[in-house]
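Structural features, examined
Spelled out, the chains give:
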Amino acid sequence: MNSGKTVLSQLMMFRSDFQFQRCVDRYKGDFRVRRFTCNEHFLVMSFAQLTARESLRDIENSLTAFSSKLYHSGLRSATAKSTLAEANEKRNWKIYADYAQVLIKQARPLYADDPNFRLDIDNMVYALDSTTIDLCLSLFPWAKFRKTKGAVKMHTVLDLRGSIPIYVDITNANVHDVNILDTMPIEAGSYYIMDKGYTDFNRLYNKIHREQAFFVTRSKDNINFVTIEKQNVDSSTGVLDDVTIRLTGYYSARKYPAELRLVTYEDFTDAKVYHFLTNNFSLDSLTIAELYRERWKIELFFKWIKQHLRIKAFYGTSENAVNCQIWIAICTYLLAAIAKKKLGIPVSLYTFTQTLGLALFEKTNIKELFSGNNNLNNQSDYPFLPLWEN
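Please read all numbers here as calculations on a predicted model, not as lab measurements.

Turning our attention to the overall build of the chain. The secondary structure content of the chain amounts to 14 helices and nine strands. Scaling as 2.2 N^0.38, a compact globule of 390 residues should have a C-alpha radius of gyration of about 21 Å, and the chain matches this with 23 Å. Residues classed as buried in the chain amount to 53% of the 390 residues present. Considering only intrachain contacts with a sequence separation of at least 6, the fraction spanning at least 24 residues in the chain is 65%.

Take a look at the structure:
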């Protein structure tokens, strides 16, 4: 693995150069480019992500300090901040968005048997949510959100086995969350867990139910329905009610003409009662409640990437620069997840990325960096939180 290669170069060995170049060629990313190709752009931005560089000047100074080691990492020389700024402004961000999909396909099978997924369900389970990334409106005038506030929104579908994002869409912050149901891929037989903000009966019926997939969401308080059948429940588990219903509202009944299942659950830790809507009638009622509890992992995923990747402060102010940085951050996250799993390194992803960031230009085998970290074994990237969201 090593053979005189730096840690950064070893990490990049886990990506497919052929697939990356296909993405570059698809958008003519290197057309008439003599210096600083898309590959070098990706390397520099990944370096900035892993080492938490604060600005373009910070990136330039850091690379200059390691100029004697850049060649062995795939870079010809230190990158001037003006060169990097121009690449962020003009290099098509879709190159890196497409390559993120390639990495997703590599990462998902590696985490298919993730031990952190507690439920005994063979079907795929996904969580839907979005996070808002605040921007200064005077610097990012294209990202209008409020009168005095700018922002973009990152809509995400997360595979709950391994916390791997399978679909990401970056939009203006004023785009409603429910719109992701129109564009996200739906897999028959899979479960989609979402909060009540995604309760659009027309989309739930046509985009999920009719595609033979299942959803679990919180029920709104103002829905009108009639009870069709009531199931016996064990109240000692926290399940208070499990009924089959049919919507009776004038519009909702037409948008969702099929029967639904309404599960009422009391969480003993906070004495709150929750109502869950689903189109699945085969799982037991407690599993329906526990499925929704797993949705909290997507909140932890957003918290993790905001704390440990550079997607809150940006190196450029254009829409293209923001998209480039976010997508390369996602690619870096996926590359680290792939490398950690393939190398069999038993530390948390946080520890893995932080350690790599401290030794990117060292010619040390990645496994040797963690040879003394046996006390970190079996750490969870996202510790289980028993509490429900408010």
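Anyway, onward from the coordinates.
Per the stated rule, a full pass over the model turns up zero disulfides. Left unpaired, Cys23 is separated from the closest cysteine sulfur, that of Cys331, by 8.6 Å. Cys23 gets classed as buried once you look at its relative accessible area, which sits at 1%. Here Cys324 is not cross-linked by a disulfide; its sulfur's nearest cysteine counterpart is in Cys38, at 8.8 Å.

On to the confidence of the model for the chain. This prediction gives the chain a mean pLDDT of 89; 94% of its residues lie at or above 70. Per-residue pLDDT stays below 50 along residues 374-390; that stretch engages in 43 contacts with residues further than four places along the chain or on separate chains.

Before going further, it helps to spend a moment on the sheet that holds strand S2 (residues 150-159). The strand order across the open sheet built from nine strands is S3-S2-S1-S4-S5-S9-S8-S7-S6, with neighbouring strands paired in mixed fashion. Only two strands of the sheet have a single neighbouring strand rather than two, namely strand S3 (164-172) and strand S6 (225-230). Taking the axes of each pair of neighbouring strands and ignoring which way they run, one obtains an average angle of 30° across the sheet. In this sheet, S2 lies alongside strand S1 (residues 125-135) in antiparallel orientation, the contact comprising 10 bridges. Residue Thr132 lies in a different strand from S2, and its bridge partner there is Lys153.

Attention now goes to the environment of His41. Of note, His41 is situated in helix H3 (residues 38-51). For His41, a relative accessible area of 0% gives the class buried. For His41 and Thr79, which are 38 residues apart along the polypeptide, the C-alpha to C-alpha distance reads 9.2 Å. When residues no more than four places from it in sequence are discounted, the contact partners of His41 are Phe36, Leu84, Ala87, Asn88, Arg91, Tyr96, Cys324 and Ile328. A distance of 2.7 Å separates the side chain of His41 from the side chain of Tyr96, its partner in a polar contact.

Cut-offs applied
- Residues numbered from 1 in each chain as written.
- Predicted model: local features only at pLDDT ≥ 70, side-chain atom pairs only at ≥ 80, totals over all residues.
- Heavy atoms only, no water.
- Helix = DSSP H or I, 4+ residues; strand = E, 2+ residues; numbered from the N terminus.
- Rg over C-alpha atoms; globule rule 2.2 N^0.38 Å.
- Buried < 20%, exposed > 50% of the residue type's maximum accessible area, 1.4 Å probe, protein only.
- Contact = heavy atoms within 4.5 Å.
- Disulfide = S-S within 2.5 Å.
- pLDDT = per-residue confidence, 0-100.
- Pairing = 2+ DSSP bridges.
- Axes fitted to C-alpha atoms, helices over the stretch in contact; angles between N-to-C directions.
- Polar contact = N/O pair within 3.5 Å; in protein donor to acceptor, adjacent residues only side chain to side chain.

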